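The primary structure of each chain is shown beneath.
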Amino acid sequence: MGPHPAVAAIRLAVRRVLHDLLTEHHRAPAAVPHAPLYEHPPSSRLRSSREVPPSPPLVLVACSGGADSMALASALAFESPRLGIRAGGVTVDHGLQPGSDARAAEVVQRLRELGLDPVDSVAVTVGRTGGPEAAARDARYAALDTAAERHGAAAVLLGHTRDDQAETVLLGLARGSGIRSLSGMAAVSGAGGRYRRPFLELDRQTARKACMVQSLPVWDDPHNADPAYTRSRLRHEGLPALEKALGKGVVEALARTAQLSRDDADALDSWAGQAEATVRDATGLLECAKLYALPPAVRRRILRRAAIAAGAPAGSLFARHIEEVDRLITGWRGQGAINLPGKVVAQRQGGRLVIRQG
């Protein structure tokens, strides 16, 4: 008799990601040892200088102790030895609740009991930039990046589910910041594809059920039910209201929208990247007439890239900023410079668009 369907589903999702990582790992150039120049004849040296098989990659799981990440940790612990992969874990102590250090220690113990090694607990200080949720996320990813680099990990697995994806799409829709914000979370993201999300096609209940049938203890973060947080309100009020009004299947439809939007956004980004070189003059300045001839979606991507290159922080650069810069091209009436985040200024001069530090 095989495993429970929920357990089988999480293991299959993780196995697919690990197979991808192994394929990437074996494609990487392997080291060739230096053969002695005097001990063996040339033919022997050729035989002894074969490529050395790469060492097994290390994959870390980011685990909060909640159902999603505990299910992910259990699946990684089960699948990794079968594929010859080393597996470890990281838990981040945000220090936002009393006793958070003790809970982090409990998570470390649970991960070690699953057979994961190395296992780290990292305490972070959460700032205030962008609001509490964004600040906590920034601190968490910075800690995960540091842990991955310290251990030389090939990837870090994250437990985001299809439900999380649906929430992310709705939050992006509320911001009104374009198709990229509707793309949700990518299955592969981060520098060099560091972050992998195996559960984006699985719902939250599957992960919780997998924990229950395996008798894995889980911790339910009270912040996830606190109406002070936007995502919590969306999870417990917004999505249920949508399902009541529109019927079941809203989560699946939103997750599908994320993938379709991501495909479209990737294509437009590629188009913009190719078009950018054609709209600059010999000195590198953007030519307004050539920008005007481009489709708005492509033109605005070029403007956003130029603003970021000039020093505007990507996280603070919103659609309204780009729309204002775009009007220097499409609605030119002699208006003055546009101030952008990061003390960047955009202005039109002699048919050229100049975007620079003010």
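The structure this text deals with has already been given above.
About the cut-offs
- Residues numbered from 1 in each chain as written.
- Predicted model: local features only at pLDDT ≥ 70, side-chain atom pairs only at ≥ 80, totals over all residues.
- Heavy atoms only, no water.
- Core = buried A, V, L, I, M, F, W, Y, C linked by side-chain atoms within 4.5 Å.
- Buried < 20%, exposed > 50% of the residue type's maximum accessible area, 1.4 Å probe, protein only.
- Helix = DSSP H or I, 4+ residues; strand = E, 2+ residues; numbered from the N terminus.
- Contact = heavy atoms within 4.5 Å.
- Phe/Tyr/Trp six-rings, centres within 6.5 Å; stacked < 30°, edge-to-face > 60°.
- Lys NZ or Arg CZ within 6 Å of the ring centre and 35° of its normal.
- Pairing = 2+ DSSP bridges.
- Right-handed = clockwise from strand over helix to strand, strands pointing away.
- Salt bridge = Lys/Arg side-chain N within 4 Å of Asp/Glu carboxyl O.
- Axes fitted to C-alpha atoms, helices over the stretch in contact; angles between N-to-C directions.
- Parallel < 35°, antiparallel > 145°, perpendicular 65-115°, else oblique.
- Nonpolar A, V, L, I, M, F, W, Y, C, P; charged D, E, K, R; others polar.
- 1 Å grid on protein atoms, 1.4 Å probe; cavity = no way out; pocket = protein on both sides within 12 Å on 5 of 7 lines; lining within 4 Å.
- Points joined across faces, edges and corners; volume = space filled by probe spheres on them.

**Student:** Sorry, what's going on with the nonpolar core here?
**Tutor:** Soluble, globular proteins show a tendency: their nonpolar side chains are buried together. Residues L116 and F199 are the most contacted members of the largest nonpolar core, which totals 35 residues. For this core, the elements supplying multiple residues, two or more each, are helix 1 (5-27), strand 1 (58-62), helix 3 (67-83), helix 4 (100-113), strand 4 (155-157) and helix 7 (204-213). With 9 residues, the single largest contributor to this core is helix 1. Other than its neighbours up to four places away in sequence, F199 contacts I10, A13, V14, D68, A71, L72, G159, H160, T161 and R162. Residues V279, A312, I338 and L340 belong to the second largest nonpolar core, which totals 26 residues.

**Student:** Before we go on, may I ask you to explain the packing of aromatic side chains in this structure?
**Tutor:** Working definition: an aromatic ring pair is given by the centre-to-centre distance plus the angle between the planes. The tally for this structure, following the rule as stated, stands at 1 aromatic pair. Ring centres of Y141 and Y195 lie 5.1 Å apart, and the angle between their planes is 90 degrees; on these two criteria the pair is classed as edge-to-face. Of this pair, Y141 sits in helix 5 (residues 132-151) while Y195 sits in strand 6 (residues 195-196); the two residues are 54 residues apart in sequence, bridging distant segments of the chain. Given a relative accessible area of 4%, Y195 falls into the buried group. Stacked on the ring of F78, the Lys or Arg R11 has its end atom at 3.5 Å from the ring centre.

**Student:** Hey, could you run me through the pairing of strand 1 in this one?
**Tutor:** It is a general feature of regular strands that their side chains alternate between the two faces of the sheet. The buried fraction of strand 1 is high, at 5 of 5 residues. Of the two faces of strand 1, the one lined by L58, L60 and A62 and the one lined by V59 and V61 are each fully buried. Examined bridge by bridge, strand 1 and strand 2 (residues 86-93) share 5 bridges and lie parallel to one another. Residue pairing for strand 2: L60 is matched across the bridge by G88. What joins strand 1 to strand 2 is helix 3, and the crossover it makes is right-handed.

**Student:** I'm lost on the pattern of salt bridges in this one. Help?
**Tutor:** If the charged atoms of two oppositely charged side chains come close together, the side chains can form a pair. Under the counting rule described, the total for this entry stands at 24 salt bridges. Salt-bridge contacts for E167 lead to R231; the nearest nitrogen and oxygen are separated by 3.1 Å. Of the two residues, E167 is situated in helix 6 (residues 162-175) and R231 in helix 8 (residues 230-246); the sequence distance between them amounts to 64 residues. Judged by its relative accessible area of 24%, R231 falls in the partly exposed class. With a closest N to O distance of 2.8 Å, R280 and E276 form a salt bridge. Residue R280 is classed as partly exposed on the basis of its relative accessible area, which comes to 29%.

**Student:** How do you make sense of unusual backbone geometry when you look at a structure like this?
**Tutor:** It is generally the case that most residues other than glycine have a negative phi and that most peptide bonds are trans. Residue P118 is bonded to the preceding D117 through a cis peptide linkage, with omega at 10 degrees. Within the secondary structure, P118 is located in the loop between helix 4 and strand 3 (119-123). Non-glycine residue K343 carries a positive phi angle of around 60 degrees. Relative to the elements of secondary structure, K343 occurs in the loop between strand 8 (338-340) and strand 9 (344-349).

**Student:** Help me understand helix 7 in this model?
**Tutor:** One turn of an α-helix holds 3.6 residues; hence residues three or four places apart share an orientation. Turning to helix 7, its buried residues are R204, T206, A207, A210 and C211. Those residues of helix 7 that are buried lie in contact with helix 1, helix 3, helix 6 and helix 8.

**Student:** Hey, could you run me through the packing of helix 6 against helix 8 in this one?
**Tutor:** Helix-helix packing is described using two parameters, namely the angle between the two axes and the distance between the axes. Between helix 6 and helix 8, the least distance of the axes is 10 Å, while the angle of their chain directions is 95 degrees. When the axis of helix 6 is compared with that of helix 8, the two are roughly perpendicular. Contacts between helix 6 and helix 8 involve D164, E167, T168, L170 and L171 on the former and, on the latter, T230, R231, L234, R235, L239 and L242. In the contact of helix 6 with helix 8, the residues fall into 5 nonpolar, 2 polar and 4 charged.

**Student:** Looking at this structure, how should I read the sheet that holds strand 10 (residues 352-357)?
**Tutor:** Sheets are built from strands that pair by backbone hydrogen bonding, the pairs being arranged parallel or antiparallel. Pairing within the open sheet is antiparallel, and its 4 strands lie in the order 7-10-9-8. Of all the strands in the sheet, the pair left with one neighbour each is strand 7 (286-287) and strand 8. Where strand 8 lies against strand 9, 3 bridges are found, and the strand directions are antiparallel. Considered in strand 9, the bridge of N339 is made with V345.

**Student:** I'm lost on the side chain of R204 in this one. Help?
**Tutor:** Here R204 is to be found in helix 7. What R204 contacts, discounting residues up to four positions off in sequence, is D68, T161, D163, D164, E167 and R235.

**Student:** Looking at this model, I keep getting lost on the layout of surface pockets. Mind explaining?
**Tutor:** It is a probe the size of a water molecule, rolled over the atoms, that shows where empty space is left. Within this model, the second largest pocket holds a volume of roughly 560 Å³. The set of elements that each furnish at least two residues to the lining of the second largest pocket consists of helix 1, helix 6 and helix 9 (250-276). Sorting elements by how many residues they give to the lining of the second largest pocket places helix 1 first, with 7 residues.

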